[in-house]
Amino acid sequence: MSAHSHIEKIEKEPEFVSANPPPPAMYPLGQSPYYRRLGDPGPLGLYGFAATTFILSMYNVQARGILTPNVVVGMALFVGGLAQFVAGMWEFATANTFAATAFTMYGGFWMSFATIFLPGSGITAAYTSESELNSALGIYLFTWMIVTFLLFIATLRRNMGLVVLFFFLTITFALLGAGKFSTAHAVTLDKAGGGFGIITAMIAFYVGTAEMLNDRRNSWFVLPLGQIPQREIV
């Protein structure tokens, strides 16, 4: 999501140096390092999101007959959750408000989703009716569909990779939410949501890899993201 490394100003002077500065003798007399270069947290957040989404989506399509998704809890807590949340915090440091919001929100989503399946949380045990639990989960998923749609709107002047990613993610949440509200077509809608989730995960893997290869000095090739021309401010 963020395409460039951030330069965090520590004092005041137009001198750029690495996070591992050379010996003081290498600086001209009277100058010292005033900036610290930060890495791009985008690939971390995108990979964390993509890997967790892929695993859960494979369970949703009942790959290899798997009907219980609880194995995803660990991934949701620490990879899709914690790692993505941390990436969001670093995106704030790079002044990338969109990426910071998206990564932090979805990091929180995965941690909250995992908590539902933790026996100690008592969340599922609080429901005595399966239909009531499904309705509650349906509202939960549709809420995230709204959040995702609003973020989708925010991608429309960024790049086509993000536009397609959030478009498919919006549909994924819509199908999964509808599956919780439906009784006759629950399995079909869950599988459809899982299928769109797999596509979403593959797109997120691609966008994350494209951002990681973005620096031509450190990669043999780059992957296109379909950059959208930015609006000129006069």
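Criteria and thresholds
- Starting from 1, residues in each chain are numbered consecutively following that chain's sequence as written.
- Local features in a predicted model are, by the rule used here, given only for residues with pLDDT of at least 70; side-chain atom pairs are given and counted only at 80 or more, and totals for whole chains, interfaces and linings are based on all residues.
- Side-chain metrics in this entry use all non-hydrogen atoms of the structure; hydrogen atoms and water are not considered.
- A carboxyl oxygen of Asp or Glu within 4 Å of a side-chain nitrogen of Lys or Arg is what we treat as a salt bridge.
- When accessible area is computed with a 1.4 Å probe and restricted to protein chains, residues below 20% of their type maximum are described as buried, those above 50% as exposed, and intermediate ones as partly exposed.
- Angular values range over 0 to 180 degrees, each being the angle between N-to-C directions of two axes fitted as lines to C-alpha atoms, with helices fitted over their stretch in contact.
- Helix and strand definitions here come from DSSP, where helices need a minimum of 4 consecutive H or I residues and strands a minimum of 2 consecutive E residues; each element is numbered from the N-terminal end.
- Relative orientations are named as follows: roughly parallel for angles under 35 degrees, roughly antiparallel for angles over 145 degrees, roughly perpendicular for angles from 65 to 115 degrees, and oblique for any other angle.
- By definition, any crossing whose near helix is turned counterclockwise from its far helix by less than a right angle is left-handed, and any crossing with a clockwise turn is right-handed.
- The classification used treats Ala, Val, Leu, Ile, Met, Phe, Trp, Tyr, Cys and Pro as nonpolar, Asp, Glu, Lys and Arg as charged, and all other residues, Gly among them, as polar.
- Between 30 and 60 degrees the pair is tilted, below 30 it is stacked and above 60 it is edge-to-face, where a pair is any two Phe, Tyr or Trp rings, Trp via its six-membered ring, whose centres lie within 6.5 Å.
- Should any heavy atoms of two residues lie within 4.5 Å, those residues are considered in contact.
- Charged residues are defined here as Lys and Arg on the positive side and Asp and Glu on the negative side; His and the ends of the chain fall outside this count.
- One fewer than the residue count of a helix, multiplied by 1.5 Å, yields its expected span.
- The term polar contact refers here to a pair of N or O atoms within 3.5 Å; inside protein, the definition further demands a hydrogen-donor-capable atom paired with an acceptor-capable atom, and it admits residues adjacent in sequence only when both atoms are side-chain atoms.

## Some words on the pattern of salt bridges
Thought 1: Applying the stated criterion across every chain yields a total of one salt bridge.
Thought 2: As a salt-bridge pair, Asp-215 and Arg-217 come within 3.0 Å of each other at their nearest N and O atoms.
Thought 3: Given a relative accessible area of 72%, Arg-217 falls into the exposed group.

## Structural notes on the packing of helix α2 (residues 72-93) against helix α3 (residues 97-117)
Thought 1: It is at 7 Å that the axes of α2 and α3 come closest, and there the two elements cross at 160 degrees. Taken together, α2 and α3 sit at an angle that is classed as roughly antiparallel. For the element pair α2 and α3, the recorded crossing hand is left-handed.
Thought 2: The residue makeup of the contact of α2 with α3, split by class, is 19 nonpolar, seven polar and one charged.

## Observations concerning the packing of aromatic side chains
Thought 1: Summed over all chains, the structure comprises 17 aromatic pairs.
Thought 2: Between Tyr-106 and Trp-144, the ring centres sit 5.8 Å apart and the planes meet at 35 degrees, which makes this aromatic pair tilted. One end of the pair, Tyr-106, is in helix α3; the other, Trp-144, is in helix α4 (residues 130-154), and 38 residues separate them in sequence.
Thought 3: An angle of 45 degrees between the planes, with centres 6.3 Å apart, marks the rings of Tyr-106 and Phe-166 as tilted. Here the residue Tyr-106 occupies a position in helix α3, and Phe-166 occupies one in helix α5 (residues 160-181), the gap between them amounting to 60 residues.
Thought 4: Relative accessible area serves as the criterion here: at 2%, Phe-166 is assigned to the buried category.
Thought 5: An aromatic cluster of at least three residues, connected via ring pairs, comprises Phe-49, Phe-98, Tyr-106, Phe-109, Trp-110, Phe-113, Phe-117, Tyr-140, Trp-144, Phe-166 and Phe-173.

## Comments concerning unusual backbone geometry
Thought 1: Backbone geometry places Gln-62, a non-glycine residue, at a positive phi of 60 degrees.
Thought 2: By relative accessible area, which is 30% here, Gln-62 ends up partly exposed.
Thought 3: Even without a glycine there, the phi angle at Arg-64 is positive, about 55 degrees.
Thought 4: Residue placement: Arg-64 occurs in the loop between α1 (42-60) and α2.

## Topic: the packing of α3 against α5
Any two packed helices are characterised by how steeply their axes cross, that is the angle between the axes, and by the distance between the axes.
Thought 1: With their axes 15 Å apart at the nearest point, α3 and α5 run at an angle of 30 degrees to one another. When the interaxial angle is binned, α3 and α5 end up roughly parallel. When the axes of α3 and α5 are compared, the crossing they make is left-handed. Side by side, α3 and α5 meet where Phe-98, Ala-102, Tyr-106 and Phe-109 of the first sit next to Leu-162, Phe-166, Leu-169 and Phe-173 of the second.

## Some words on the side chain of Asp-190
Thought 1: Along the chain, Asp-190 falls in helix α6 (residues 186-212).
Thought 2: In this structure Asp-190 is buried but unpaired, with Lys-180 as the nearest side chain of opposite charge at 4.6 Å.

## Some details on the side chain of Thr-52
Thought 1: For Thr-52, the position within the fold is in helix α1.
Thought 2: The class of Thr-52 is buried, set by a relative accessible area of 0%.
Thought 3: Aside from chain neighbours lying at most four places away, what touches Thr-52 is Val-72, Met-75, Ala-76, Val-79, Gly-80 and Trp-110.

## Points about α5
Thought 1: Look at α5: 32 Å from first C-alpha to last across 22 residues, which is about the 32 Å you get at 1.5 Å a residue.
Thought 2: One side-chain oxygen at the N-terminal end of α5 lies 3.1 Å from the backbone nitrogen of Gly-161; it belongs to Asn-159.

Scope: geometric values only; no functional claims are made or implied.
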